[in-house]
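# Architecture at a glance
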Amino acid sequence: MKQLMTFNVNGEIHEIAVAPETTLVDMLREDLLLTGVKKGCDDGDCGACTVLIDGKSVPSCTVLAAEAQNKKITTIEGLEQNGVLNPVQQAFIDQHAIECGFCTPGMILSTVALLNENPDPTEDEIRDALRGNICRCTGYGKIIDAVNAAKEMLKKA
């Protein structure tokens, strides 16, 4: 039986009737049509469904929607503000760190969480923070370059 719940997604409050077994990834994609949240492995291993919950990078396929009630949820769609890309989004474009794009939202959100917590990470810290995100296209070199470019952009901001 569905229950009415309140969610703060990308700064907007939504009341949605959700079944107890509904995962956050399914609620975001199906009820709010936020398709930047990709559905990959359904086990929390690939990072395609990564969102920020209260600023922390989380695979949304491992979280029940009910667990995310009244928390601040940010998807890739919520990073751009007033037509301006987030510096991390811009860095991924500038460094050509996007190929097929399937992993990109999760990579970007994991990077945002990392740089919010540690504005000057080492390459090892970057690799550690992105470990839960699988990319089958880039070989990660350009992604690491994008994270480094983003941290420099944020230092200047």
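Scope of this entry: the structure provided in the associated data block. Keep in mind the model is a prediction, meaning the values are calculated, not measured. (Residues numbered from 1 in each chain as written. Predicted model: local features only at pLDDT ≥ 70, side-chain atom pairs only at ≥ 80, totals over all residues. Heavy atoms only, no water.)

## Examining helix H5 (residues 141-156)
Its 16 residues place the ends of H5 23 Å apart at the C-alpha level, agreeing with the 22 Å of an ideal helix rising 1.5 Å per residue. Listed in full, the buried residues belonging to H5 are Ile143, Ile144, Ala146, Val147, Ala149, Ala150 and Lys151. Where the residues of H5 are buried, they touch helix H2 (87-94), helix H3 (104-117) and helix H4 (123-129). (Helix = DSSP H or I, 4+ residues; strand = E, 2+ residues; numbered from the N terminus. Expected span 1.5 Å × (residues − 1). Buried < 20%, exposed > 50% of the residue type's maximum accessible area, 1.4 Å probe, protein only. Contact = heavy atoms within 4.5 Å.)

## Notes on the nonpolar core
A general tendency of soluble globular proteins is for nonpolar side chains to be buried together. Ranked by internal contacts, the top residues of the largest apolar core, which has 24 residues, are Val88, Phe92, Met107, Ile108, Leu130 and Ile143. Contributions of two or more residues to this core are made by H2, H3 and H5. Here this core gets 7 residues from one element, more than from any other, and that element is H3. Residues contacting Phe92, with those up to four places away along its chain left out, are Ala97, Ile98, Thr104, Met107, Ile108, Thr111, Ile143, Ala146 and Val147. Among the nonpolar cores identified, the runner-up in size contains 21 residues, and Val18, Leu24, Leu34 and Cys49 belong to it. (Core = buried A, V, L, I, M, F, W, Y, C linked by side-chain atoms within 4.5 Å.)

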